[in-house]
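Structural features, examined
Next come the chains, spelled out residue by residue.
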Amino acid sequence: YTLLWALITDGTPIWMAEAAILILVTRIQQGNEPGIMSSYLQAIPVAPYYLFGRFIFSLSLVSVLLLMATAAGWSGFLGLSILIIGLFFFARFSLFGPIIVSEGFGFYSALRLSWFLVKGQTPRTVAILVSIYLIFFIFILLIPLQLMAAFPMMSMFVILITQALTVPPLTIFTLLLYQDY
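This section reports on the structure supplied with the text.

The next thing to look at is helix 7 (residues 122-142). End to end, helix 7 covers 30 Å across 21 residues, agreeing with the expected 30 Å (1.5 Å per residue, within 8%). For helix 7, the full list of buried residues reads Thr122, Thr125, Val126, Leu129, Ile132 and Phe136. For helix 7, the angular spread of the buried residues around the axis is 145°, confining them to a single face. Away from the buried face of helix 7 by more than 90 degrees, exposed residues Pro123, Ile135 and Leu142 are located.

If you want it as C-alpha cells, here you go:
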C-alpha cells in the first residue's frame, strides 16, 4: 500500500506538470502564445487519461523491476530475459503520453497507436530511451545524490530541484520522439 500511495501522491503533481509541458511545447511549435497557466488549463480534459496512464505505466515498471530482482536470485538468464521483455514493452508503449495529450486519445487507444508507431523500430527506440535515461541516471548519481549525502537536511530541496531539471527535458524528449515517428 505504501508503494501505491507514494505513486499516487508523489507522481500526480509531476505527471500533471508533464501534461502541461507537453501542451506548452506543442503550442509553441504551432506558433501559439506560450503560457504555463493556459497549458495547465488545457491539460485538465486529458488529465484523467494521462494520470491513469502514468500510474499504470509506473506500476508496471516497478512490477517488472521487482520481478527482475526476484528472478535474478533464481537465475541470471531469467532476470536478463525479464529485462529484455520489459525493455521491449517499455519501448512499444513509451509514446502513450504525448499521444494522449497531443491527439486527445484515451489510454488504451494511445497504447495501441504507440504500439503501431514503434512497430519495426523497437530496437532503435530501446537504444534511444536507454541512452537518454542512462544520461539522466548518471547525472542523478553524480550531482543530486552527492549533494544529499553532503547536506542531508537539504534532501527534499535537492529532490525538488532534480525533478525540476529532469522532468521537462525527459517530457520534451518523449514528445519529439513521438513526432519523429
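Back to the text.
This part covers the packing of aromatic side chains. Summed over the entire model, instances satisfying the criterion amount to nine aromatic pairs. When the ring of Phe52 is compared with that of Phe107, the centres are 5.2 Å apart and the planes differ by 85°; the resulting orientation is edge-to-face. Linking Phe52 in helix 3 (residues 47-74) with Phe107 in helix 6 (residues 107-118), this pair joins segments that are 55 residues apart in sequence. A relative accessible area of 7% means that Phe107 is categorised as buried. Aromatic pair Phe89 and Trp115: ring centres 5.9 Å apart, planes at 40°, arrangement tilted. A residue pair is termed long-range when its members are at least 10 positions apart, and Phe89 in helix 4 (residues 76-93) and Trp115 in helix 6 qualify at 26 residues.

The subject of this paragraph is the pattern of salt bridges. Enumeration over the complete set of coordinates arrives at one salt bridge. Where Arg124 meets Asp180, a salt bridge forms, and the shortest distance between an N and an O atom there is 2.7 Å. Of this pair, Arg124 sits in helix 7 while Asp180 sits in helix 9 (residues 155-180); the two residues are 56 residues apart in sequence, bridging distant segments of the chain. On the basis of relative accessible area, Asp180 is assigned to the partly exposed category, the value being 48%.

In this section: the packing of helix 7 against helix 9. Interaxial distance between helix 7 and helix 9 falls to 11 Å at its minimum, and their mutual angle equals 170°. One way to sum up the angle between helix 7 and helix 9 is to call them roughly antiparallel. Residue-level inspection shows Arg124, Thr125, Ile128, Leu129, Ile132, Tyr133, Phe136, Phe139 and Ile140 of helix 7 in contact with helix 9, the latter providing Thr162, Leu165, Thr166, Pro169, Leu170, Phe173, Leu177 and Asp180.

Another point: the nonpolar core. Considering soluble globular proteins, one finds that nonpolar side chains tend to be buried as a cluster. Counting residues in hydrophobic clusters, the biggest one holds 32 residues, and the most contacted among them are Tyr50, Leu95, Phe96, Ile100 and Val101. Looking at this core, the elements with two or more residues in it are helix 1 (2-29), helix 3, helix 4, helix 5 (96-103), helix 6, helix 7 and helix 9. Of the residues forming this core, the biggest block, seven residues, is contributed by helix 1. When near neighbours in sequence (up to four residues on either side) are disregarded, Ile100 contacts Val46, Tyr49, Tyr50, Phe105, Gly106, Phe107 and Ala110.

For the rest of this paragraph, the subject is the packing of helix 5 against helix 6. Where helix 5 contacts helix 6, the axes come no closer than 8 Å and their chain directions differ by 120°. By the criterion of interaxial angle, the relationship of helix 5 to helix 6 is oblique. By crossing handedness, the relation of helix 5 to helix 6 is classed as right-handed. Residues Phe96, Ile99 and Ile100 of helix 5 form the contact with helix 6, whose own contacting residues are Phe107, Ala110, Leu111, Leu113, Ser114 and Leu117. Residues belonging to the contact of helix 5 with helix 6 are distributed by class as follows: eight nonpolar, one polar and no charged.

Definitions and limits used
In this convention, every chain numbers its residues from 1, walking through the sequence in written order. This being a predicted model, a pLDDT of at least 70 is required before a residue's local features are given, and a value of 80 or more before pairs of side-chain atoms are given or counted; all residues contribute to the totals for chains, interfaces and linings. Computation of side-chain values covers all heavy atoms of the structure but excludes hydrogens and water. Helix numbers and strand numbers start at the N terminus; a helix is a DSSP run of H or I with at least 4 residues, a strand a run of E with at least 2. The span expected for a helix works out to 1.5 Å for each residue beyond the first. Burial status follows relative accessibility: with a 1.4 Å probe on protein chains alone, a residue under 20% of its type maximum counts as buried, one over 50% as exposed, and anything between as partly exposed. Summarising the geometry, the arc corresponds to the directions from the helix axis toward the C-beta atoms. Between 30 and 60 degrees the pair is tilted, below 30 it is stacked and above 60 it is edge-to-face, where a pair is any two Phe, Tyr or Trp rings, Trp via its six-membered ring, whose centres lie within 6.5 Å. Definition used for salt bridges: Asp or Glu carboxyl oxygen within 4 Å of a side-chain nitrogen of Lys or Arg. What counts as an axis is a line fitted to C-alpha atoms, over the stretch in contact for a helix, and the angles between N-to-C directions run from 0 to 180 degrees. Note on terminology: angles under 35 degrees are roughly parallel, angles over 145 are roughly antiparallel, angles of 65 to 115 are roughly perpendicular, and the others are oblique. Residue contacts are counted whenever heavy atoms from the two residues lie within 4.5 Å of one another. Only buried residues count toward a nonpolar core, which is a set of Ala, Val, Leu, Ile, Met, Phe, Trp, Tyr and Cys residues joined through side-chain atoms within 4.5 Å. Handedness of a helix crossing follows the sense of rotation of the near helix relative to the far helix, less than a right angle counterclockwise being left-handed and clockwise being right-handed. We call Asp, Glu, Lys and Arg charged. Ala, Val, Leu, Ile, Met, Phe, Trp, Tyr, Cys and Pro are nonpolar, and the rest, Gly among them, are polar.

By themselves these figures say nothing about function.
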